Amino acid sequence: MRTIIRVLVGAFALWLTTLIVGGSGDHGVWIAPIGTDEYSTLITLLLVALVFGLVNATLGKVVRFVSIPLYILTLGLFSLIVNGFLFAVVAWLSDIAGFGLRIETFWWGVLAALVMSILSGILNGLLGTNRKKRED
């Protein structure tokens, strides 16, 4: 159940990110829906959030482990570049699928990753999805 809530939170944070960073139109960061019906944007957001979670869980861990020296050297600021790269990977996978996340340039991806991580952190903190289960 917690995983489903985290995907929903990720989809909502992604939608807010596209509103904040992309605005209206096809610039910055935006979502290209699967179809033209009223639910296609929602389904696309859920699919992109699921792909984003899978990319973070697999490739993200590898990239973060390999770049530990750069994290130390830049006092953690390299995480912005890594998150922007992971955002670009999700956009690339979406481009292969023909729908989903679109990013104008890499730096728009870095900004979107920063905004999405802040929004996801706030939403997960409010909903308590980051807390560990208590054992009574």
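Further up the page is the structure itself.
Computed from a prediction, not measured in an experiment: that's the story for all the values here.

Calculation rules
- Residues numbered from 1 in each chain as written.
- Predicted model: local features only at pLDDT ≥ 70, side-chain atom pairs only at ≥ 80, totals over all residues.
- Heavy atoms only, no water.
- Helix = DSSP H or I, 4+ residues; strand = E, 2+ residues; numbered from the N terminus.
- Rg over C-alpha atoms; globule rule 2.2 N^0.38 Å.
- Buried < 20%, exposed > 50% of the residue type's maximum accessible area, 1.4 Å probe, protein only.
- Contact = heavy atoms within 4.5 Å.
- Areas by Shrake-Rupley, 256 points an atom, 1.4 Å probe, with all protein chains shown as cover.
- Lys, Arg positive; Asp, Glu negative; His and termini not counted.
- Charge placed at Lys NZ, Arg CZ, Asp CG, Glu CD.
- Pairing = 2+ DSSP bridges.
- Axes fitted to C-alpha atoms, helices over the stretch in contact; angles between N-to-C directions.
- Parallel < 35°, antiparallel > 145°, perpendicular 65-115°, else oblique.
- Nonpolar A, V, L, I, M, F, W, Y, C, P; charged D, E, K, R; others polar.
- Core = buried A, V, L, I, M, F, W, Y, C linked by side-chain atoms within 4.5 Å.

Okay, the overall build of the chain next. In terms of regular secondary structure, the chain is built from six helices and two strands. On C-alpha atoms alone, the chain measures out to a radius of gyration of 15 Å, which is about the 14 Å that the 2.2 N^0.38 rule sets for 136 residues. Relative to its full complement of 136 residues, the chain shows a buried share of 36%. Once local pairs closer than 6 in sequence are excluded, the contacts in the chain between residues at least 24 apart make up 69%. When the accessible area of the chain is evaluated, it comes to approximately 8,600 Å², of which 70% is carbon and sulfur surface. If the 9 positive side-chain charges of the chain are averaged to one point and the 7 negative ones to another, these points end up 16 Å apart.

Side chains of strand β1 (residues 29-32) alternate between two faces, with Val-29 and Ile-31 and Trp-30 and Ala-32 buried alike. Strand direction decides the pairing type here: β1 and strand β2 (residues 100-103), joined by four bridges, are antiparallel. When the bridges of β2 are listed, Val-29 appears paired with Ile-103.

Moving on: the packing of helix α5 (residues 78-97) against helix α6 (residues 106-127). Viewed as axis vectors pointing N to C, α5 and α6 meet at an angle of 105°, and their least axial separation amounts to 8 Å. Between α5 and α6, the interaxial angle falls into the category roughly perpendicular. Along its contact with α5, which presents Leu-80, Ile-81, Asn-83, Gly-84, Phe-85 and Phe-87, the element α6 presents Phe-106, Trp-107, Gly-109, Val-110, Ala-112, Ala-113, Leu-114 and Met-116. In the contact of α5 with α6, the residues fall into 11 nonpolar, three polar and no charged.

The subject of this paragraph is the nonpolar core. Counting residues in hydrophobic clusters, the biggest one holds 28 residues, and the most contacted among them are Leu-14, Val-29, Phe-87, Val-90, Leu-101 and Met-116. Counting residues per element, the ones that place at least two in this core are α1 (2-22), β1, α2 (40-57), α5 and α6.

This part covers the side chain of Ser-120. As for its position among the elements, Ser-120 is in helix α6. The contact partners of Ser-120, leaving out residues within four places of it in the chain, are Val-9 and Ala-13.

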